[in-house]
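If you want the building blocks of each chain, they are given just below.
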Amino acid sequence: MSSSPDRREFLSASALGAAGLPLLAGLQPVRAADAKLDPNLVRLDSGIEPLVRLLEETPRNELVEKVADRVKKGLGYKDVLAALLLAGVRNVQPRPNVGFKFHAVLVVNSAHLASLAGPDNERWLPIFWAIDNFKSSQAQTLKESGWRMRPVNEMKLPPARKAKAAFVAAMEGWDEEAADEAVAALARTASADELFELFARFGCRDFRDIGHKAIYVANAFRALQAIGWHHAEPVLRSLAYALLQHEGDNPAKRDGAPDRPGRKNAELVNRIRKEWVGGKDDAEATADLLATLRDGSERDAAEKAAEQLNAGVSPRSVWDGLFLGAGECLMQQPGIVGLHTLTTMNALRHAYDTTGDDETRRMLMLQGASFLPLFRAAMTGRGKVGDARIDKLEPSDKADGAADVYAELSRDKASAARMALGYLKSDGQAGKKLIDAGRLLVFLKGNDAHDYKFSSAVLEDYAHVTPHWRDRFLAASLFWLKGSGGRDAPIVKRVHAALA
């Protein structure tokens, strides 16, 4: 991530620039009527405002075709991505739950990552799916509350020299109005790196909304890296508002269960040795942590992770335990909570890799360890939790290729996972083949934001897991990927026709 707010430098460092996607902006001239804005609505960058309004005002049944027509006339990928994110933060309220309809915003970066990694001839599919999904969330917000992001109160913004302290105080005090004012000031003066350091800590401090706070932090900053820092202010205002979501009275004034792990781990980080980064990979330590994640409390899990780091175990082996623990949760209950174990670990790992603060990195790892037992507890309230174990998964030799695995996935998830593990052991290129085929199936058959969020996360994290455990992690991930036997999503035919 660039540490400078300069637009050209920021974009040159982004993944989008390296992807070779079209970056030309073929926007139509702005009419006088189009320039009239509601004074009660936050204003966006003047260059992107007309396109955002096109997304906001065009009926859902016409929008794909209208955007496709502009793409064929030269409208660039980056502009569409920016407009999609900004339309989401201006029109979809991230409360009372950071999830549900707000996935229209959370999924933007996931759709972008899928597009970058996808085949050239299908690269627009995730973005157009997300555009159509935005219209659904916009309509739901209008029906429920009519919420739209208002302009910040310019008269109350703290001066630049006081903005950081004001933001920290507001977030620690769970003060929405003060946080909104402070983050607006920070977005205009602080660098992307400075702001990421702040949000990374506040995004992982509490276990509310099954990990969506940490997920939003990672996805918001990654999306901004692609579209440009000059769009940051409304996105960061939305993000701060989301991170302050809570139940009951002010969490700063009580010992709430969702806040307890963060408060305990803020003390535990100081007991980790200074040389913790230089440990050795240890598969047995990973298995030991996995056992604690199965049966221990959130406190036990964090203590075990800290103990291993102090004993000279590498952070990679600790992260292996977290990823495997998340994958096992999904195997035991392939549902909404199980899949969020993996998307949350992906967000925490991204923050861990991105932040330059040593204490924050330790905190992110400990919070990941504490969160997994809490996820398990949440799963028990949603039905039966199975007894499958990721380290005991037995390979099957019934798959000759990725096509066999994904055909079986439509019939039997556990059988497909065993076939995938056997295939991965038999072919050195099987990992790439399974990932490429799995991503394309999400393009064609994905019908939910979680399909994109999940697949982008786990297919990225396959590379983060050490080779000893990597194949088991990918095999477990099949429990939420798409099989080849399902029907294509209705949006696919519509997008193909619109872009033809």
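Throughout this description, residue numbers start from 1 for each chain and increase along the sequence as written. With pLDDT at 70 or above as the cut-off, local features in this predicted model cover only qualifying residues; side-chain atom pairs require 80 or more to be listed or tallied, and sums for whole chains, interfaces and linings still use all residues. Excluding hydrogens and water, the side-chain figures rest on all heavy atoms present in the structure.

## Remarks on the overall build of the chain
- Secondary structure summary: the chain contains 25 helices and zero strands in total.
- Radius of gyration here uses only the C-alpha atoms, and the compact-globule reference equals 2.2 Å multiplied by the residue count raised to the power 0.38. Compactness check: the chain gives a C-alpha radius of gyration of 22 Å against a globular reference of 23 Å for 500 residues, within 12% of the reference.
- Along the first, second and third principal axes, the C-alpha set of the chain runs to 65 × 55 × 40 Å.
- Buried, partly exposed and exposed residues are distinguished by accessible area as a fraction of the type maximum, computed with a 1.4 Å probe on protein chains only: under 20%, between the cut-offs, and over 50%, respectively. Residues counted as buried form 59% of the 500 residues belonging to the chain.
- Residue contacts are defined here by distance: any two heavy atoms, one from each residue, within 4.5 Å place the two residues in contact. Look at the contacts in the chain between residues 6 or more apart in sequence, and 79% of them connect residues 24 or more apart.
- To measure how exposed things are, a 1.4 Å probe is used in the Shrake-Rupley method; for residues, cover is taken only from the protein chains shown. Working note: accessible area of the chain is about 20,100 Å², and carbon and sulfur atoms make up 49% of it.
- Neither His nor the chain ends is counted toward charge; the positive residues are Lys and Arg and the negative residues Asp and Glu. Charged side chains are reduced to one point each, which is NZ for Lys, CZ for Arg, CG for Asp and CD for Glu. For the chain, the distance from the average site of its 68 positive side-chain charges to the average site of its 66 negative ones is 3 Å. Strands are runs of DSSP state E lasting at least 2 residues, helices are runs of H or I lasting at least 4, and numbering of each runs from the N terminus.

## Structural notes on the nonpolar core
- Ranked by size, the top nonpolar core spans 165 residues in total, and within it Phe167, Phe199 and Leu236 carry the most contacts.
- With 11 residues, the single largest contributor to this core is helix α12 (residues 212-227).
- Those residues in contact with phenylalanine 199, other than ones at most four positions away along the chain, are Phe167, Val183, Val217, Phe221, Leu236, Leu239, Ala240 and Leu243. We define a nonpolar core as any set of buried Ala, Val, Leu, Ile, Met, Phe, Trp, Tyr and Cys residues linked to one another through side-chain atoms lying within 4.5 Å.

## Some details on helix α7 (residues 103-117)
- Over its 15 residues, α7 extends 21 Å from the first C-alpha to the last, a length consistent with the 21 Å expected when each residue adds 1.5 Å.
- The angle separating two fitted axes, one through the seven residues that finish at a residue and one through the seven that start at it, defines the bend at that residue. Where α7 bends most, the angle comes to about 30°, and this point is asparagine 109.
- Taken across its 15 residues, α7 has 13 buried, putting it largely inside the fold. Expected span, for any helix, means 1.5 Å times one less than how many residues it has.

## Let's talk about the pattern of salt bridges
- For salt bridges, the criterion is a side-chain nitrogen of Lys or Arg within 4 Å of an Asp or Glu carboxyl oxygen. A complete count under the given rule lists 40 salt bridges for this structure.
- For the salt bridge of lysine 73 with aspartate 69, the shortest nitrogen-to-oxygen distance reads 3.2 Å.
- In this structure aspartate 69 comes out as partly exposed when scored by relative accessible area, which is 33%.
- Where aspartate 255 meets arginine 260, a salt bridge forms, and the shortest distance between an N and an O atom there is 3.2 Å.
- Here arginine 260 falls in the partly exposed class, since its relative accessible area comes to 34%.
- Three or more residues joined by partner-sharing salt bridges are found here, namely Asp206, Arg208, Lys213, Glu247, Asp249, Arg254 and Asp259.

## Some thoughts on unusual backbone geometry
- Backbone torsion omega between arginine 95 and proline 96 reads 10°, so that peptide bond is classified as cis.
- Within the secondary structure, proline 96 is located in the loop between α6 (77-91) and α7.
- One non-glycine residue with positive phi stands out, namely phenylalanine 100, at about 50°.
- In this fold, phenylalanine 100 is placed in the loop between α6 and α7.

## A closer look at the confidence of the model for the chain
- For every residue, the predictor assigns a confidence score, pLDDT, that lies between 0 and 100. Averaged over all residues, the pLDDT of the chain equals 92, while 93% of them reach at least 70.
- Predicted confidence is poor over residues 1-35, with pLDDT under 50, and the contacts of this stretch with residues over four places away or in other chains come to 68 contacts.

## Section: the packing of aromatic side chains
- For Phe, Tyr and Trp, where Trp contributes only its six-membered ring, two rings pair if their centres lie within 6.5 Å, and the inter-plane angle classes them as stacked under 30 degrees, edge-to-face over 60, or tilted in between. A full pass over the atoms with the stated rule returns 17 aromatic pairs.
- Between tryptophan 147 and tyrosine 241 the ring centres are 6.5 Å apart and the planes differ by 10°, which places this aromatic pair in the stacked class. You can see tryptophan 147 sitting in the loop between α8 (125-144) and α9 (160-172) and its partner tyrosine 241 sitting in helix α13 (residues 232-243), a full 94 residues away along the chain.
- By way of ring pairs, the aromatic residues Phe167, Phe196, Phe199, Phe202, Phe221 and Trp229 are connected into one cluster.
- Note on geometry: a ring has a charge over it if NZ (lysine) or CZ (arginine) is within 6 Å of the ring centre and within 35 degrees of the ring normal. The residue whose ring lies beneath arginine 361 is tyrosine 352, and the NZ or CZ to ring-centre distance is 4.1 Å.
- Of note, arginine 470 hangs over the ring of tyrosine 462, and the distance from its end group to the ring centre comes to 5.6 Å.

## Considerations on α9
- Its 13 residues place the ends of α9 19 Å apart at the C-alpha level, agreeing with the 18 Å of an ideal helix rising 1.5 Å per residue.
- On its buried face, α9 is in contact with α10 (176-189), α11 (192-203) and α13.
- Tryptophan 174 occupies a position one or two residues after α9 and carries a positive phi of about 55°.

## Digging into the environment of glycine 211
- Within the element layout of this structure, glycine 211 appears in the loop between α11 and α12.
- A residue is classified by how much of its surface remains accessible, and glycine 211, at 6% relative accessible area, is buried.
- What glycine 211 contacts, discounting residues up to four positions off in sequence, is Thr344 and Phe375.

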